[in-house]
Structures are given as structure tokens and as C-alpha cells.
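A structural walkthrough
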Amino acid sequence: EMKSKYSFHFALADKKHFAAVSANVLGIFNSVGHSPERALEYGLTAIAVSRELKDKFVLAEALVNTSAVYVNLGKLNKALTLLNEARVISERLNDKTTLLTELVAFNNIFVLQGKYDELKNYTDEIMLLSRETGNGRSLANGEYFLGLYYFNSKNYSIFLIILQNS
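Since the model is a prediction, treat every value here as computed from it, not as a measurement. (Residues numbered from 1 in each chain as written. Predicted model: local features only at pLDDT ≥ 70, side-chain atom pairs only at ≥ 80, totals over all residues. Heavy atoms only, no water.)

Direction vectors running N to C along helix H4 (residues 56-72) and helix H5 (residues 76-93) enclose 160°, while the axes themselves pass 8 Å from each other. Comparing the axis directions of H4 and H5 gives the class roughly antiparallel. Taken as a pair, H4 and H5 cross one another with a handedness that is left-handed. Where H4 abuts H5, its residues Lys56, Phe57, Leu59, Ala60, Leu63, Val64, Thr66, Ser67, Tyr70 and Val71 lie against Leu76, Lys78, Ala79, Leu82, Leu83, Glu85, Ala86, Ile89, Ser90 and Leu93. The class makeup of the residues in the contact of H4 with H5 is 14 nonpolar, three polar and three charged. (Axes fitted to C-alpha atoms, helices over the stretch in contact; angles between N-to-C directions. Helix = DSSP H or I, 4+ residues; strand = E, 2+ residues; numbered from the N terminus. Parallel < 35°, antiparallel > 145°, perpendicular 65-115°, else oblique. Left-handed = near helix turned anticlockwise from the far one by under 90°. Contact = heavy atoms within 4.5 Å. Nonpolar A, V, L, I, M, F, W, Y, C, P; charged D, E, K, R; others polar.)

Spelled out as C-alpha cells, the structure:
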């Protein structure tokens, strides 16, 4: 069934490679913004094949990438559901890089929902993992989320300190 639906699968040696390629192709379709619906199709395929193969690393990547598609489609609760599953997997695998991506994605959704009080739940972990992994971009995201949290909590003195230090 997959072979007929995705002609490029004939050139791939195995399902594991197919799942990884699908997880990456969905990112391409989603990032260029031309076809989130097509990206979602690839994402759901990557998730299904990864589950079948019990490949947790590809599954976590497919869940994160597919959650981004759901965000673009305005389906934030579906995105949160996928991120929750991905987070559990990444924690079990001790995959700090993917976990960091997931935590930032959670906070991005909270910002879109206007749930600034939720930002503090993940920001400390974002900051810690960013320092551990040397990820400056995620560290900047963490500082941004922390600033938003304190600004929206009307704690302007801490907000100004964060602003000065970032």
C-alpha cells in the first residue's frame, strides 16, 4: 500500500529509511509553506511506519515535525498531544537535543494561545538544556519566554533584569 502511494519508496532499501525520509520531507513541505496538508500526510505516514518498526528516534522526530504542521493548520491541541508523546520518548532515550526542540515548541504554542502563565513550566528546563547542549538559539528562546512570563505577570523589575542580561 505504501509503495503504491509513494513512488519514491521503490528506491528505498527499507522501511526505516522510508520513515526517516518521510519525517524529513514533511518538514520541507511545512517549512516552505506550500502544502501543510501534504506535509501532514507525510508526517502521519512517518509516525505510522516508525510505530510499526518501534523506531523511537524517528518516531520522536516525526511527532515533533508533525506537531509543527498542526500548529500551522491552527490545530494547537493536536500539536500538544503529539509533543507530549514525543517528550516522553525523548526523556526515555535521554535525547536532550530533541527534548529541547519539544520544550521550545510547547512554549511557542503557549504564546500562540496567550497562556503566558504556562511558560514558566518549561523555560527553566529549556535554559538548563540549552547550556548543557551549547544551543545558543534555544537559550535565547528561553530568555525570551522568561521575559514574556515576567512581563505578563506584571513583574516588571525581573523583566527588566532579564532584558538587560539577554
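Here the focus is the environment of tyrosine 116. With respect to the helices and strands, the residue tyrosine 116 is situated in the loop between helix H6 (96-113) and helix H7 (119-133). Given the relative accessible area of 26%, tyrosine 116 is considered partly exposed. For the pair formed by tyrosine 116 and phenylalanine 145, sequence separation is 29 residues and the distance between their alpha carbons is 8.4 Å. Sequence-distant contacts of tyrosine 116, that is, excluding residues within four places in its chain, are made with Val111, Leu148, Tyr149 and Asn152. (Buried < 20%, exposed > 50% of the residue type's maximum accessible area, 1.4 Å probe, protein only.)

On to the nonpolar core, then. Among the nonpolar cores identified, the biggest contains 37 residues, and Leu63, Leu103, Phe106 and Ile126 are the most heavily contacted of them. Breaking this core down by element, the ones donating at least two residues are helix H3 (36-53), H4, H5, H6, H7, helix H8 (136-152) and helix H9 (156-165). Top contributing element to this core by residue count: H6, with eight residues. Aside from chain neighbours lying at most four places away, what touches leucine 63 is Ile47, Arg51, Leu82, Glu85, Ala86 and Ile89. (Core = buried A, V, L, I, M, F, W, Y, C linked by side-chain atoms within 4.5 Å.)

Close inspection of predicted coordinates is inappropriate for parts of the model with low pLDDT. When the pLDDT values of the protein are averaged, the result is 85; 80% of them are 70 or greater. Least confident of the elements in the protein is helix H1 (residues 2-5), whose mean pLDDT is 46; most confident is H5, at 98. Note that residues 1-13 has pLDDT below 50 and, in this model, 18 contacts with residues that lie over four places away or in other chains. (pLDDT = per-residue confidence, 0-100.)

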